[in-house]
Amino acid sequence: MRLEKPELLILGLALALRLVLIQHATWVPFSDTRDYHVLAHNLAHGQGYLQVYEGEAAEYQGMTLRAFRMPGYPVLLASLYSVLGWEPFWAYLANVVFELLTLLLIGRVGLALFEPLTARIAQALFGLHVLWTPSLMTESYFTFLFTALIAAGMLASALRRTPSLAGAFGWGLLLAAAVFVRPIAIVAGVATVSLLRHVPLLRHGVATTRGRQRVALALLAALPLVAALGLWSSRNARLFETPVLLSTNLGSHNAAAFGVDRPEVVQRGRSQGLDEAAIDRLLRAEIGEAIRQAPWSAVDVTLRRGLQLFSIAPAWEVGFLREVTFAGPEGSPLAEAVYQALYAQYRVTYPLAALGLVVLAARRQLGGLGVVLIAFAAVHALVSDGNIRFAAPLYPIFCLLAGFASGWIWQRVRRRFRPDATASRAAGV
């Protein structure tokens, strides 16, 4: 893969910006960041995948949790820390690597779907996106995995490439890794199947018929996730004596949205000696009852959560990160000012992405980008609140749409002031 000079420049500047920021960042244990760190520490020190909760939710205080969070990110942290040392800096540095890889993927997809101008603008926008870089949170890692899954489908569709057996298995490994960070990654599987519906099947290999080829590809793509979920759910069944396919926090995560008093339900469950899986079932039962009693209210909640996913209002974690990340002894006023200022890019990227979405939809050229956005928003609204943090894996798509819109605007400006100029094909216009 040969990098052009503009892409190298963007990559270099993005790297330099991130290295400066993480040098001055201070990790403050709170919420998810504390939990991931504790889980990684216990895992690496032979105590198993568990944590004794000491966080903000008083109802869970002192409770031993063994499947409250998916293990993908803590396993990554444990691996990094075990090799490089127990410093959050190494997690920050891993975020830098994942974000630069995402930036390269944006370039590949941009060139395949649009024109060089679109690709470079999209990369520049993402290059300035450093909100999650100095944090022990899943966003940088998961965004890379999600983008890689979607990019594979988009590139195969755009280039009419037939997936290979090795490619299908590799994609399956990525899918398994992503689901074990955030289960919403399963959306990438659905979207990729949709994207590949026009791609020719294998013409060579062990398969001799089109049907067998489909089966071989599907089995290889699904095998890593099925195997990983089988091992994880078997482990959970031994611990809780009941199946837990993913995690035990679905009820906890959704209780408030449906009017369920989570502290009261959790305290009631603990007083009865219930474990985390049983408490999760109790919470989900309360949510189900609330939905049965007020189905239209539940529909309203779901629709609002879908819309909230595209809001630029900062989630509480974002506000906390902006307040404390550069307030420690390693902090720098300049680094903090840059970090705070770059948050404003959302006010540029989101409106431009909306314009790009409208123009491409009007032209019926939205294709795979639209499939991903609709599928992600629909599934996410069913299982979680929406905010700018949970929309993080969609940001590369927003950057591509914003890049297209920027090129579209540029072409119209040129035509207005230089009507005799030959229209170029920048940004696919």
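Parameters at a glance
Residues numbered from 1 in each chain as written. Predicted model: local features only at pLDDT ≥ 70, side-chain atom pairs only at ≥ 80, totals over all residues. Heavy atoms only, no water. Helix = DSSP H or I, 4+ residues; strand = E, 2+ residues; numbered from the N terminus. Buried < 20%, exposed > 50% of the residue type's maximum accessible area, 1.4 Å probe, protein only. Contact = heavy atoms within 4.5 Å. Lys, Arg positive; Asp, Glu negative; His and termini not counted. Charge placed at Lys NZ, Arg CZ, Asp CG, Glu CD. Patch = residues over 30% accessible without salt bridge, like charges linked within 9 Å, V, L, I, M, F, W, Y side chains within 5 Å. Areas by Shrake-Rupley, 256 points an atom, 1.4 Å probe, with all protein chains shown as cover. Salt bridge = Lys/Arg side-chain N within 4 Å of Asp/Glu carboxyl O. Axes fitted to C-alpha atoms, helices over the stretch in contact; angles between N-to-C directions. Parallel < 35°, antiparallel > 145°, perpendicular 65-115°, else oblique. Left-handed = near helix turned anticlockwise from the far one by under 90°. Polar contact = N/O pair within 3.5 Å; in protein donor to acceptor, adjacent residues only side chain to side chain. pLDDT = per-residue confidence, 0-100. Phe/Tyr/Trp six-rings, centres within 6.5 Å; stacked < 30°, edge-to-face > 60°. Expected span 1.5 Å × (residues − 1). Arc of directions from axis to C-beta.

A. Fine view of the overall build of the protein. The helix and strand tally for the protein stands at 18 helices and two strands. Seen through its C-alpha atoms, the protein measures out along the principal axes to roughly 80 × 65 × 50 Å. Here the protein, with 429 residues, has 51% of them falling under the buried criterion. Pairs at least 24 apart in sequence give 77% of the contacts found in the protein among residues at least 6 apart. For the protein, the separation between the mean place of its 37 positive charges and that of its 26 negative charges on side chains is 16 Å.

B. Seen up close, a nonpolar patch on the surface. Together, Leu-117, Ile-409, Trp-410, Val-413 and Phe-417 give the surface a local cluster of nonpolar side chains, amounting to about 470 Å² of exposed area. No other element matches helix α18 (residues 395–417), which puts four residues into the nonpolar patch. Relative to the helices and strands, Val-413 resides in helix α18.

C. Representation of unusual backbone geometry. Not every positive phi belongs to a glycine, and Ser-31 is a case in point at roughly 45°. Mapping Ser-31 onto the fold places it in helix α2 (residues 31–44). Phi is positive for Glu-241, which is not a glycine, with a value near 60°. Given the relative accessible area of 74%, Glu-241 is considered exposed.

D. Region of the structure containing the packing of helix α5 (residues 116–127) against α18. It is at 8 Å that the axes of α5 and α18 come closest, and there the two elements cross at 130°. In terms of axis orientation, α5 runs oblique to α18. Crossing angle aside, the handedness with which α5 passes α18 is right-handed. Along the contact surface, α5 presents Leu-117, Thr-118, Ile-121, Ala-122, Leu-125 and Phe-126, while α18 presents Tyr-395, Pro-396, Cys-399, Leu-400, Ala-402, Gly-403, Phe-404, Ser-406, Gly-407 and Trp-410.

E. Representation of the pattern of salt bridges in the model. Taken as a whole and assessed by the stated rule, the structure comprises 16 salt bridges. The partner of Glu-99 in a salt bridge is Arg-18, and the shortest N-O contact between them spans 2.5 Å. You can see Glu-99 sitting in helix α4 (residues 88–113) and its partner Arg-18 sitting in helix α1 (residues 5–23), a full 81 residues away along the chain. The two residues Glu-99 and Arg-18 agree in class, both being buried. Close ionic contact of Glu-289 with Arg-292 constitutes a salt bridge, the shortest N to O distance being 3.0 Å. With Glu-289 and Arg-292 both in helix α12 (residues 276–293), this residue pair falls three residues apart, about one helical turn. Judged by its relative accessible area of 33%, Glu-289 falls in the partly exposed class.

F. Highlighting the side chain of Glu-317. Tracing the backbone through its elements, the reader meets Glu-317 in helix α14 (residues 316–324). Among the polar contacts made by the side chain of Glu-317, one reaches the side chain of Trp-316 at a distance of 3.5 Å.

G. Highlighting the confidence of the model for the protein. Mean pLDDT over the protein stands at 87; residues scoring 70 or higher make up 91%. By mean pLDDT, the top-scoring element of the protein is α5 (95), and the lowest-scoring one is helix α8 (residues 186–195) (74). Counting interchain partners and residues more than four positions distant, the pLDDT-below-50 stretch residues 201–208 has 15 contacts.

H. Focus on the packing of aromatic side chains. Across all of its chains, the model carries 23 aromatic pairs by this definition. Seen in terms of ring centroids, Phe-89 and Trp-90 are 5.3 Å apart; in terms of plane orientation they differ by 75°. Their pairing is edge-to-face. Its relative accessible area of 25% is what places Trp-90 among the partly exposed residues. Ring geometry for Phe-114 versus Phe-404: centroids 5.4 Å apart, planes at 40°, classification tilted. One end of the pair, Phe-114, is in the loop between α4 and α5; the other, Phe-404, is in helix α18, with 290 residues separating them in the sequence. Both residues of the pair, Phe-114 and Phe-404, count as buried.

I. Helix α7 (residues 165–179), seen in detail. Taking 1.5 Å per residue as the helical rise, α7 with its 15 residues ought to reach 21 Å, and the 21 Å between its terminal C-alpha atoms agrees with that figure. Listing the buried residues of α7 in full gives Ala-168, Trp-171, Gly-172, Leu-175, Ala-176, Ala-178 and Val-179. Each buried residue of α7 lies within a common arc of 160° when the element is viewed along its axis, so the set occupies one face.

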